[in-house]
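Close look at the chain arrangement
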Amino acid sequence: MKLKIFPVITLIILSLWGSHAHSVAFCALRDPVQNIYKLFPNATSYRSIVHEVNQSSQQHVKNSVPFSIHKDELGQHTLYVAMQENKALGFVHSRSEVGLWGLIEIVWAFDLHLNVVNFNFQRCRESSCDLIQSSDFVQLLKGKSVNELKSMIEKEDYTLPDELANNEDARTLAKTLMRSAIKTALVTEHSWRDEIQSLLQNNQQ
Amino acid sequence: MINKLLCSLVFVLLSFQAFAFDSVSWQKLNENLRLSLDLSVRGQYHFRTNQLSNINTIGIDMHKVFSGENGDIGTLIFQGYLTKLVNVKPFPAIYNRKDDLKFVCRICNFNLNILDKNLLNVRIGHYELPFGLEYNIDTNGTFRQFSNGRTLGGKLDWGVTANGKTTWGGYEISLSRGSGVDWTDNYSTYIVSGRVERSLSYDSFIGLSFYQGHLRAAKSDGYFDRTRIGLDASTPLGPFTFLTEFSVGKDDGKEIISALFEIDVHNPNEKLLAYFQLATLSHHLDHQDWDSMIQSFLGLKFTPDNHWTISAQWRQDLDVFDNSQRGSVMEAQLRYRF
């Protein structure tokens, strides 16, 4: 009897397998290297921590704010710890939002208490990204915690720079960014809780 | 000579790794590990010959970041795929027959961080040669391909590279064996290649590549020298992306010019991608006219979720080399990762 090697091996591997889904081949993964050093200019290296962002993280966001992360955002993600020698300076975490012409990938920088330090666009096809990046918009978010950002959005207690206030696309993107900052901080807090605690303790010593 | 140099480099790198790893706390093996099983079924129909064929693959895709207290040490990528051809005529050069079964290590390398701020890393293993658009866009196991297969004869090789990123862009310089997909016992070949990239904005870049190789001829026991210089670029406009690459060079005395232009478009959540490519390859020997081939590719890719990818492509020869016949191929593929 002629042995059908290919289907046999396929069936054996399938029966033993148990893992999570990833639609993109891993050779396509790129660390946001340039943005890590732009957002933390004093960093000399970074440390990756890969964790699962799962339904529990999604629920955590849902419980905190009236919006949440999409199911396509579940799966393994990397939190980058910006390092200066052996000292942790803060976190870098990139998340995607659906924009007018495609996904907008935003690279967020947080301090060790998850207050916003800065952000940059890794991918963006909209002219309003340039407008936002060149404006003082980031000053609205700098140093803000999740609760402060939530309050800002709920009470509409913020004033956009004129060049953004007069542009509808820029206003929409500004709101998207504020929501993204909140979601990213909440997901980071929930999925990387142990590592954050450990880094805080190490930095206090 | 080149291979002795490669072996020495491997030894030095392994010694360095042993030294570096000694000073960090080892993590559990599954930390920072991504692992996926990748299955695909591809069907092809050749209109001229009325021939049906298919290619089935099952593979393991692994990505592991090794980290220490002071930062990441390096990244290991292993993509091992078992590939089964069924009635594939003509079959790609890496296979032995139309119904071959073969294990292929697509990308299997370790990239070791050497200098702060990722200014210098050293990659060792099996990797995509740093040349052209291929460098930035993953095309392994997909219909969408760029020029490297056509103009360089392949896109993978075993060797060592120096690579890095800066605020203005990045670079990768490679010294490889010239053996392609397989690790052969022929130590007479080599390839030196490299690419420098300038990032222009969030989604735009321009790249300059070079390639110098001493390679074994496909259909004889002889050897030949291959040189190329290439320029590539990508820029978006709304939902469209324009990509192009152009290279000139020689295969011994034969002059070669290659060009590719792509326009693609996707929907806002990027689950649906459509692309159109025009690719040309021209060559000429002294005292002979230029001879050219032109191909067009029209493709669709749909990624409904994190598991499935459904894609299709129509490849049409618009012009072919002398003594060749025009072909037209319709292809479809179902891919599942979990």
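It should be noted that the structure appears before, not after, this text.
Residues numbered from 1 in each chain as written. Chains lettered and ligands numbered in written order. Predicted model: local features only at pLDDT ≥ 70, side-chain atom pairs only at ≥ 80, totals over all residues. Heavy atoms only, no water.

What follows deals with the packing of aromatic side chains. Both the distance between ring centres and the angle between the ring planes are used here to describe each pair of aromatic rings. Within the structure shown, the criterion is met by 14 aromatic pairs over all chains. Note on A:Trp108 and A:Phe110: the rings are 6.4 Å apart at their centroids and 25 degrees apart in plane angle, and the pair reads as stacked. This pair shows no difference in class: A:Trp108 is buried, exactly as A:Phe110 is. With centroids separated by 6.2 Å and ring planes inclined at 80 degrees, the aromatic side chains of A:Phe119 and A:Phe137 adopt a geometry described as edge-to-face. You can see A:Phe119 sitting in strand 5 (residues 116–123) and its partner A:Phe137 sitting in helix 5 (residues 137–141), a full 18 residues away along the chain. Pair check on accessibility: A:Phe119 and A:Phe137 agree, each one buried. Three or more aromatic residues joined by ring pairs form one cluster here, namely A:Trp108, A:Phe110, A:Phe119, A:Phe121, A:Phe137 and B:Tyr202. Above the plane of the ring of B:Tyr81 lies B:Arg106, whose end atom (NZ or CZ) is 3.7 Å from the centre. For the cation-ring pair, B:Arg337 lies above A:Phe26, with the distance from its terminal atom to the ring centre recorded as 5.2 Å. (Phe/Tyr/Trp six-rings, centres within 6.5 Å; stacked < 30°, edge-to-face > 60°. Buried < 20%, exposed > 50% of the residue type's maximum accessible area, 1.4 Å probe, protein only. Helix = DSSP H or I, 4+ residues; strand = E, 2+ residues; numbered from the N terminus. Lys NZ or Arg CZ within 6 Å of the ring centre and 35° of its normal.)

So, about the interface of chain A and chain B. Taken together, the contact between chain A and chain B spans 55 residues of the former and 63 residues of the latter. Our enumeration of links across chain A and chain B arrives at 3 salt bridges. Among the salt bridges present, the one from B:Asp203 reaches A:Arg123, with a minimum N-O distance of 3.9 Å. Here chain A and chain B share 27 residue pairs in polar contact (both at pLDDT 80 or more) between them. Listing elements by their share of the side of chain A that touches chain B, those giving two or more residues are helix 1 (5–16), helix 2 (33–39), strand 1 (45–53), strand 2 (75–84), strand 5 and helix 4 (127–134) of chain A. When grouped by side-chain class, the residues that make up the side of chain A that touches chain B number 29 nonpolar, 18 polar and 8 charged. (Contact = heavy atoms within 4.5 Å. Salt bridge = Lys/Arg side-chain N within 4 Å of Asp/Glu carboxyl O. Polar contact = N/O pair within 3.5 Å; in protein donor to acceptor, adjacent residues only side chain to side chain. Nonpolar A, V, L, I, M, F, W, Y, C, P; charged D, E, K, R; others polar.)

The subject of this paragraph is the sheet that holds strand 3 (residues 87–98) of chain A. What holds strands together in a sheet is hydrogen bonding between their backbones, with the strands either parallel or antiparallel. Residues and elements named next belong to chain A. If you walk across this open sheet you meet the 5 strands as 1-2-3-4-5, and the pairing is antiparallel. What marks the edges here is a single partner per strand, and that holds for strand 1 and strand 5. Strand after strand, the sheet turns through a mean of 25 degrees between neighbouring axes, direction not considered. In the sheet, strand 4 (residues 103–110) pairs with strand 5 via 6 bridges, with the strands oriented antiparallel. Following the sheet pairing, Val 107 is matched in strand 5 by Asn 120. (Pairing = 2+ DSSP bridges. Axes fitted to C-alpha atoms, helices over the stretch in contact; angles between N-to-C directions.)

What follows covers helix 9 (residues 193–204) of chain A. Residues and elements named next belong to chain A. The terminal C-alpha atoms of helix 9 lie 17 Å apart, and with 12 residues this matches the ideal 16 Å at 1.5 Å per residue to within 8%. Looking at helix 9, one finds that the buried residues are Ile 196, Leu 199 and Leu 200. Buried residues of helix 9, seen end-on, are gathered within an arc of 100 degrees and therefore sit on one face of the element. (Expected span 1.5 Å × (residues − 1). Arc of directions from axis to C-beta.)

For the rest of this paragraph, the subject is a nonpolar patch on the surface. Residues and elements named next belong to chain B. A contiguous nonpolar patch, built from Ile 173, Leu 200, Ile 206, Leu 208, Phe 210, Ile 229, Leu 231, Phe 246 and Val 248 and spanning about 780 Å² of accessible area, is present on the exposed surface. Listed by contribution, the elements that provide at least two residues to the nonpolar patch are strand 9 (205–216), strand 10 (223–237) and strand 11 (240–251). Among the elements that make up the nonpolar patch, the one with the highest residue count is strand 9 (3 residues). As for its position among the elements, Ile 173 is in strand 7 (residues 169–176). (Patch = residues over 30% accessible without salt bridge, like charges linked within 9 Å, V, L, I, M, F, W, Y side chains within 5 Å. Areas by Shrake-Rupley, 256 points an atom, 1.4 Å probe, with all protein chains shown as cover.)

Right, let's get into empty space enclosed by the protein. Residues and elements named next belong to chain B. Under the counting rule described, the total for this entry stands at 2 cavities of 30 Å³ or more. What lines the largest cavity is a set of 13 residues, and nearest its centre among them are Phe 131, Gly 132, Glu 245, Phe 246 and Ser 247. Those elements that provide at least two residues to the lining of the largest cavity are helix 2 (148–152), strand 10 and strand 11. Taken together, the residues that form the lining of the largest cavity break down as 3 nonpolar, 8 polar and 2 charged. (1 Å grid on protein atoms, 1.4 Å probe; cavity = no way out; pocket = protein on both sides within 12 Å on 5 of 7 lines; lining within 4 Å. Points joined across faces, edges and corners; volume = space filled by probe spheres on them.)

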